[in-house]
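What the coordinates show
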Amino acid sequence: MNHTRPNPEDLLKQIKQEENVLNRGKLKIFFGSSAGVGKTYDMLSAAHRDQSNGLNILVGIVETHGRSETSALLEGLPILPLRQIEYRGQSLEEFDIDTALSRHPDILLVDELAHSNVPGSRHPKRWQDVEELLKAGINVYTTLNVQHLESLNDVVNQITGIAVQETIPDWFFDQATEVVLVDLTADELLTRLKEGKVYIPSQAKHAINNFFRKGNLIALRELALRRTADIVDANMHDYRARSRISSIWNTTDQLLVGISIRSNNERLIRHAARLASSLHSQWYVVYVETPRNTFKKSKHRHSVLEALRLAGSLGAKTEIISATTVAEGLVSYAHQFNIGRIIVGISQSRLNYYTNTLIKQISKQDKNLDLILVNQLKAKTKQTQLLQLPSSNIDTLFSKDNLFGYIIALFGCMLVTIGLIPLTRWFDLANVVMLYLLIIVFISVRFGRSPGIFTALISVLSFDLFFVEPKLSFNVSDVQYLITFTVMMLVSLIINNLAVGLRFQAQTARKREQQAISMRYLAQSLSAARKINEIVNQFSLWVTQHIASKTVILMPNNEGSLKVISDSNIPSEFDKSIARWVYNNNENAGLATNTLSANPMHYRALSISDQVHGVIALLPEDIDHFNQPEQQRTLDLAIAQINLALDRVYYAKVAQNALVKAESERLRSSLLSALSHDIRTPITVLSSLAASLHSQNLSVDEQKQLAYDIERQANVIQRLVVNILDYVSLQSGAMPLNKQCVSLEEILGSNIRQIEPYLGHRQLKIDIPSQVAFIFTDELILSRILNNLLSNAINYTPDDAIIKIEAQIIQSDNSRWYQLTVTDNGNGIPDGKENLIFERFTRGASESTTIGLGLGLALSRDLVNHLGGTLTARNIHPHGAQFEILLPWESIPDQKLLIDKFNSEFEDFDS
């Protein structure tokens, strides 16, 4: 077996990555340990080299900091004018991303990647501007110092004592196409500082004594070298995988980080981010919700959400899970996602007992899991919170729900006590204890842990005070009752713990069931919807009930402009320009995003397979609840459902349009084919006849015959053109009905005069009773129908055939109909083709002529349907074909007078 054969899924993934690379601009980062190492200088030098090679270079923004050597390199490079932004009464200059996008250079220079933009800019960070430029296909050169990487923020703080505020996420740094390390030793950098090549002399002296101490520079240089080595190592792995130089591992060491409300989560998360980056592995951060610490009631849920948001920005997958204990939750999650390492924090405080217990529990449940312990140093910014921890517990202890539970517990114990006091002479004390335990179970299940413990305490005290001798005193006459009290208290606490755990599990199961039911309802309602408006209305209703108070959905109209199609009222917080940006860039914006986050609404693109169908804007009531990972995942699933529904409707429309287009092409080809033959034949005959008439000396009789033949051929062409025009008018709905009382015999007489030259020796028989001499219909349309049927009978019968036309009134299903039949004794219709002959451009083997587009019968059926009737065909015995027209009957006033008038006119015509 060939083990070097590539995995098809890996090949598809590689192809997709290469496609993304082709459509995306390339990012080149000039990376250094600190300011002054020459990053901007090297970037400008590289730009000059590329310009000499014919590339279009544009300087978006470059900070020279007054360095003459750097400023000199700007000469000869086109510079983009900066954008003026008003902020707090001052005009500030900022990078103009819109002009850069419109100019679309080959390479754009954007200095200081970690820079924070002026409030009012499109993005709060410059690296987000660069991300948009890359998606537009623009190559970018930029600069970055190692202290601006988010995962190294706390390490740099420990080394230098300075907290760096401007950072970029590591995932953005890792996706750079090329990282160029601009390295300089600490001594050389200090020399440049002293020479004034980095800062002016007054600033340089202050910098040397603070940030630019030699020890700091050495440590920062090591961090930069190590981070660059990680990038190089990752690039090597990618190259080996693409080139299939050697086999690769199909699994990676995944990490699971468990956070709590008692630790410095930021340090723990950053340490895990660095470890995951060095291992090139996926990592997860979870918060375990237990009966002891319900997340919704926790006073620290905001800090937990901030920690999860930090982890998400560093590339982790975050989640809030529920379990009976923290250890059970972590182990279960690790098994679910095949995670072999769990990272937990430890501290040197009185809470260390909790961590030791957690470690023992995890080890007991799965000995194969590797545990990584991270020392949790107390952050100065967290000291106040740690001191307030007991206060928050007291607040939880006396919350509104617990106070109500305490009152119910107190009244329950009072009722049991009052009810049992008169019965003590008949009731054994063991039965009294059982009734108290029943109250404890009820209170624990209904109101939770604290009221349950309170009930247990009140029950023990009540039992001692009212049922144990001496009564009404806490003194005990028999020492054995002390064992009874102790056992009663322990059993009560055990029951309380089990009942609370059962209550928590039931609530968790009920919550998950409700989520599953709601998602199933959404999927069913969206799958049943057939139109976009139905899909939008169903989704808006679901989102309003489960996620947000207000929902706005926009979709493009035929002109490409976004239009609100949801039925809900548009809130004042809605910004259509943000929705347009989301639609154009297929990116999230607004609340809980990195783009225009000041807007209180959350904007998402409705897209699948890079096809953007529209934009949804959500206005949540509770921002903390909306930011929970579980809520975000629910929103992701819901949006995936509507994306699938919109995609289904979109592709159904595409398929329908393709079918219509294919049918149109088929009809066009058939029409052109028919026209090329059936019109060319009479035109050729006309040309020949006209040439004969012009070039030869003909007698008068011969000239009359030629003129007659020319007229016949012209009538043929006219009949073809009339059929085409009638068909087009009928299909476009431009053929109005003009029903009136008309003479059937007069219509037949007009048609007979038109077809008489083509009858030859065929006999024409007409049988029209007086009761159907007049009918109520559209005269012109009926005349066209009969003309086509008679022409068809002539074309497909021998010269000695008999063609019969009959009319009568028939009764069918309590309704009356005009029945018109055209019957011939020709060869009839081929078996099984009684319906096929009514298809467009269908022609049979003609007896007398090949002229005809094959539209006559198809047009006749459509015209009869237009009149509200039916047209059918069948064979007759022994041979021949019959075409039957059924038209709805309508009464005609004074029909006898009309018949007498018509008979007199017909006698004159017949004579």
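My aim in this report is to walk through the structure given alongside it, one point at a time. What you are looking at is a predicted structure, and each value in this text was computed from that prediction instead of being measured.

Structural notes on unusual backbone geometry
Look at the link from H877 to P878: it is a cis peptide, with omega at 5°. On the secondary structure map, P878 appears in the loop between β23 (870-875) and β24 (881-888). At E112, a position not held by glycine, the phi torsion is positive, near 55°. Its place among the elements puts E112 in the loop between β5 (107-110) and α5 (126-135). With phi around 50°, L596 is a residue other than glycine that occupies positive phi space. Within the element layout of this structure, L596 appears in the loop between β15 (589-590) and β16 (602-608). Overall, the relative accessible area of 27% leaves L596 in the partly exposed class.

Structural notes on the sheet that holds strand β6 (residues 139-145)
Strand order in the open sheet formed by 5 strands is β2-β5-β6-β1-β7, and the pairing between neighbours is parallel. Both outer strands of the open sheet, β2 (57-61) and β7 (178-182), are each paired with one neighbouring strand and no more. Strand-to-strand twist of the sheet, defined as the mean angle between neighbouring strand axes without regard to direction, takes the value 20°. Across 6 bridges, strand β1 (residues 27-32) lies against β6 in parallel orientation. Bridge pairing links F31 to L144 in β6. Sitting on the sheet, helix α2 (residues 39-52) touches β1, β2, β5, β6 and β7, and the angle it makes with β6 is about 165°.

Structural notes on the sheet that holds strand β14 (residues 562-564)
Taken in spatial order, the 5 strands line up as β14-β13-β17-β16-β15 in an open sheet, and their pairing is antiparallel. Each edge of the sheet is formed by a strand with only one pairing partner; in this case those strands are β14 and β15. Here β15 runs beside β16; their pairing, made up of 2 bridges, is antiparallel. By the bridge assignment, A589 is partnered in β16 with Y603. Along the sheet face, helix α21 (residues 532-546) touches β13 (550-556) and β17 (611-619) and points at about 155° away from the line of β13.

What to know about the pairing of strand β3 (residues 83-87)
With 5 bridges connecting them, β3 and strand β4 (residues 90-94) associate as antiparallel partners. By the bridge assignment, E86 is partnered in β4 with S91.

Comments concerning the packing of helix α28 (residues 779-795) against helix α29 (residues 856-866)
Relative orientation of the contacting elements α28 and α29 amounts to 150°, with a least axis distance of 9 Å. Viewed along their axes, α28 and α29 adopt a mutual orientation that is roughly antiparallel. Crossing hand, α28 versus α29: left-handed. Only G856, L857, L859, S860, L863, V864 and H866 of α29 make contact with α28, whose side of the interface consists of I781, R784, I785, N788, L789 and N792. Grouping the amino acids of the contact of α28 with α29 by side-chain chemistry returns 7 nonpolar, 5 polar and 1 charged.

Focus: helix α13 (residues 326-336)
Along α13, the residues classified as buried are A327, G329, L330, V331, Y333 and A334. Just beyond α13, the residue with positive phi is N338, at close to 55°.

What to know about the side chain of T821
Assignment of secondary structure puts T821 in strand β22 (residues 815-824). Setting aside its immediate chain neighbours within four residues, T821 contacts K804, I805, E806, Q882, F883 and E884.

A short note on the pattern of salt bridges
Enumeration according to the criterion identifies 18 salt bridges in this entry. Note that R227 and D170 form a salt bridge whose closest N and O atoms lie 3.4 Å from each other. With R227 in helix α10 (residues 214-243) and D170 in helix α7 (residues 170-174), this pair connects stretches of sequence that are 57 residues apart. One salt bridge in this structure joins D799 and R762, with 3.8 Å as the shortest N-O distance. Here D799, found in the loop between α28 and β21 (802-812), pairs with R762, found in the loop between α27 (744-759) and β19 (763-767); they are 37 residues apart in sequence, far enough to count as distant.

Rules and cut-offs
Residues numbered from 1 in each chain as written. Predicted model: local features only at pLDDT ≥ 70, side-chain atom pairs only at ≥ 80, totals over all residues. Heavy atoms only, no water. Helix = DSSP H or I, 4+ residues; strand = E, 2+ residues; numbered from the N terminus. Buried < 20%, exposed > 50% of the residue type's maximum accessible area, 1.4 Å probe, protein only. Pairing = 2+ DSSP bridges. Axes fitted to C-alpha atoms, helices over the stretch in contact; angles between N-to-C directions. Contact = heavy atoms within 4.5 Å. Parallel < 35°, antiparallel > 145°, perpendicular 65-115°, else oblique. Left-handed = near helix turned anticlockwise from the far one by under 90°. Nonpolar A, V, L, I, M, F, W, Y, C, P; charged D, E, K, R; others polar. Salt bridge = Lys/Arg side-chain N within 4 Å of Asp/Glu carboxyl O.

Just geometry here; none of it tells us what the structure is for.
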